[in-house]
Amino acid sequence: MRPVAVAAFAQTTHTDHDTGLAEAELILPVIRAVREQSGLTEFGFTCSGSCDYLAGAPFSFVSALDALGAWPPIQESHVEMDAAFALYEAWVRLQHGDVDSALVYGFGKSSMGDLREIMTLQLDPYYLAPLGLDQLSYAGLQRSAVKGDFPAVARRSWESAQTNPYALKLPEPVETAPITDGAAAIVLVAGDLLQDRTNLAYITGIAHRIDPHYPGMRDLTRSASAAAAATAAGVGKGPVDVAELHVQFAHEEIVLAEALGLPAGTVVNPSGGPLAANPVMATGLIRIGEAASRVMDGTAARAVAHATSGPCLQHNLVAVLSRES
Amino acid sequence: MGNRCAVIGVGQTHYTTRRRDVSMAGLVREAALRALEDAGLTFADIDAVVVGKAPDLFEGVMMPEAYLADALGAAGKPMMRVHTAGSVGGSTALVGASLIQGGVHDRVLVVAYEKQSESNATWALTTHLPFTSSLVVGAGGYFAPHIREYMRRSGAPDHIGTLVAVKDRLNALKNPYAHLRIPGIDRAMVESTPMLWEPIRYLETCPSSDGACAIVLSSEHAVTGTPAWVHGGAMRSEPIFRAGRDTVSPQAGIDCAADVYRQAGVTDPRRDLDVAEVYVPFSWYEPMWLENLGFCGVNEGWKLTEAGATALDGDIPWNASGGVLSSNPIGASGLIRFAEAALQVRGMAGEHQVEGARKALGHAYGGGAQFFAMWIVGAEKP
């Protein structure tokens, strides 16, 4: 595949409450930051991820275009998914060879409504949603099936987050990702734009897979889709110094570490992970940004990032980032 | 634009007000199975699935790709969900094609749908966000002032919209999948219907439909059956609130058309294209898009419509299928345009086939006429 690298990453200082900023205002600073970091003001392709249900209104991505100042008109698309999947779409677009840069961003204000109940609406509307399972309930189903030291995951994430200036300042470790408002942006470059840049994190592999929707059709102690995505992305082809995993519940880390085949020495979620800040729809993208940052600052030679969607880790994306293409 | 890509299968449901007999999963599966049958393939032959639809609030299911994965045979595969407002059906096709053009996959199933009977789209489009004024107008109320401005600028006579409403419904009578099939449709009938948003009368608007459309896309070496080759694809977006933007003929539409024409080697769209499926949800958008897409000069679009150039027997038929005015499962409406363009160049459009069509445009727009997606497909390999 054509080499593609992360050239810039920015995220908001996340909050556990609505600070009064509209989505466009939330995005503007991170867009500005990645433009400055990358030295690029225009991009060959732009793609974003957001969710209308967080704002309770259709077309939450429309006003984001005002933050971009999309003029003259831009080549742009949007996924109603975590922005990690927008990054995947942008990576695919860069494979065509005719454009060399892409801007990806995601944003979400989960403080605006009851996130736990809103997540019920992503279930099969005929057979699952009427059962009234909220996000905590179906995560609880999986938790009860998985064995592991969940408090240890929570504690380590909380300790790691102490050095992450963007994470929430939580008083104590938690096993459930907190309600968070925030945004993030990444710039991808390819082709000629890779030249003369030293601070890059190459995406050497990226893939995603979805599992059947119904939790009853899956072995909840494992994640077949995460394992398949990890294989396709080539996680096992080298050492993994750092892994940033989209762990919204502590038990998910146990499932994911096994599915991704992470070696024993891998440092998991040095940022604190989503258990320290979970701006829904940007959380997965931030995993890619954090993993890329570890590669770019030299603390990791090879890092893995993971993003998820759907109930009980139904849909999983895995990316491998490396100093070398 | 990368590797060659072709449409090798098209599947549609019969568009109608209410599909009480199927769930959302049943609806999308029906279209997907027809597309696979057309391509002579099964779900096992598909590498990835891309789903598109308009706002989740239309059916009350958030991120429905999670729930639809099983019905679309996506389990164990990559699945994407695209949402770019009304243009989403077109964007979804382009995202699917991108996976092949980028060399990632060989066969991609693209599905778009809307089950409008699950809710009320006009309500879902007019929610009142904090710190904004609610217009409570729906799409028609939003676009009517732009149409009036077009009429003022161009000096188009009042009956042009009526002509489009009749022409597209006459075409729909030749399309078994069309929702509005109105025997005896004529100008008098359109003009007798109530004025909804001046100058748009009831029969000058699109219906609310339940329906799904699916296409199978293939890389060059994995083609089965009759291919429609993708000669170009483009998307453009512009901000809705930019002061000074021209909402009658948006720059994003002009730029998007220029991009797709360049890729396909089209210099004069009226001459070089044989048929166009263009997103016309309100009758007056035909003359407006004729100009925006460069089929004629500025303020001349209504003259083409009036002269019958866009009729099925005209020199450049627009919406031979009956268009959005005859079937509107919103999220699918753009993909239907793209799919109908493919059917035409494959010679498989049935009674509404444009004789000898070799090159066709598929077009979709959305938001406040700010999101555009287009492709050109051809019978010959590009």
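Remember, predicted model here, so these are calculated numbers, not experimental data. The residue numbers shown here count from 1 along each chain, following its written sequence. Starting at A for chains and at 1 for ligands, labels are handed out in the order in which the entities are written. Totals for whole chains, interfaces and linings use every residue, but because this is a predicted model, local features are given only for residues with pLDDT of at least 70 and side-chain atom pairs only at 80 or more, for both listing and counting.

Draft legend 1. Up close: the overall build of chain A. Helix and strand content of chain A: 10 helices and 10 strands. A compact globule built from 325 residues would reach a C-alpha radius of gyration of about 20 Å, and chain A, at 18 Å, matches this within 12%. By the burial criterion, 61% of the 325 residues in chain A qualify as buried. Contact between two residues is assigned whenever their backbone-derived C-beta positions fall within 7 Å. A fraction of 80% describes how many contacts in chain A between residues 6 or more apart in sequence connect residues 24 or more apart. In this description a helix means any DSSP run of H or I spanning at least four residues, a strand means any run of E spanning at least two, and both kinds are numbered starting from the N terminus. Only C-alpha atoms enter the radius of gyration; for comparison, a globular chain is expected to reach 2.2 Å times N to the power 0.38, where N is the number of residues. Here exposure depends only on C-beta density: within 10 Å of a residue's C-beta, 20 or more other C-beta atoms make it buried, 12 or fewer make it exposed, and intermediate numbers make it partly exposed, the C-beta atoms being placed from the backbone.

Draft legend 2. Inspection of unusual backbone geometry at higher detail. Omega for the bond connecting Trp71(A) with Pro72(A) falls within 30 degrees of zero, at -5°, which places this linkage in the cis form. For Pro72(A), the position within the fold is in the loop between helix H3 (64–68) and strand S3 (76–79). A cis geometry characterises the amide bond from Glu198(B) onward to Pro199(B), with omega recorded as 10°. Tracing the backbone through its elements, the reader meets Pro199(B) in the loop between strand S5 (195–197) and strand S6 (200–201). Despite not being glycine, Asp196(A) shows a phi value in the positive range, around 65°. With respect to the helices and strands, the residue Asp196(A) is situated in the loop between strand S5 (181–190) and strand S6 (201–210). A residue is classified by how many C-beta atoms lie within 10 Å of it, and Asp196(A), with 6 of them, is exposed. Its identity as a non-glycine residue notwithstanding, Ala85(B) has a phi of 60°, on the positive side. Take Ala85(B): it is sitting in the loop between strand S3 (79–82) and helix H3 (88–101).

Draft legend 3. Up close: the interface of chain B and chain A. At the interface, 50 residues of chain B touch 51 residues of chain A. For the side of chain B that touches chain A, the secondary-structure elements that each account for two or more residues are helix H2 (65–68), S3, H3, strand S8 (228–237) and helix H8 (251–264) of chain B. Of all the elements, H3(B) adds the most residues to the side of chain B that touches chain A, at 5 residues. The nonpolar class holds Ala, Val, Leu, Ile, Met, Phe, Trp, Tyr, Cys and Pro. Asp, Glu, Lys and Arg form the charged class, and all remaining residues, Gly among them, are polar. In terms of residue class, the side of chain B that touches chain A is built from 27 nonpolar, 15 polar and 8 charged.

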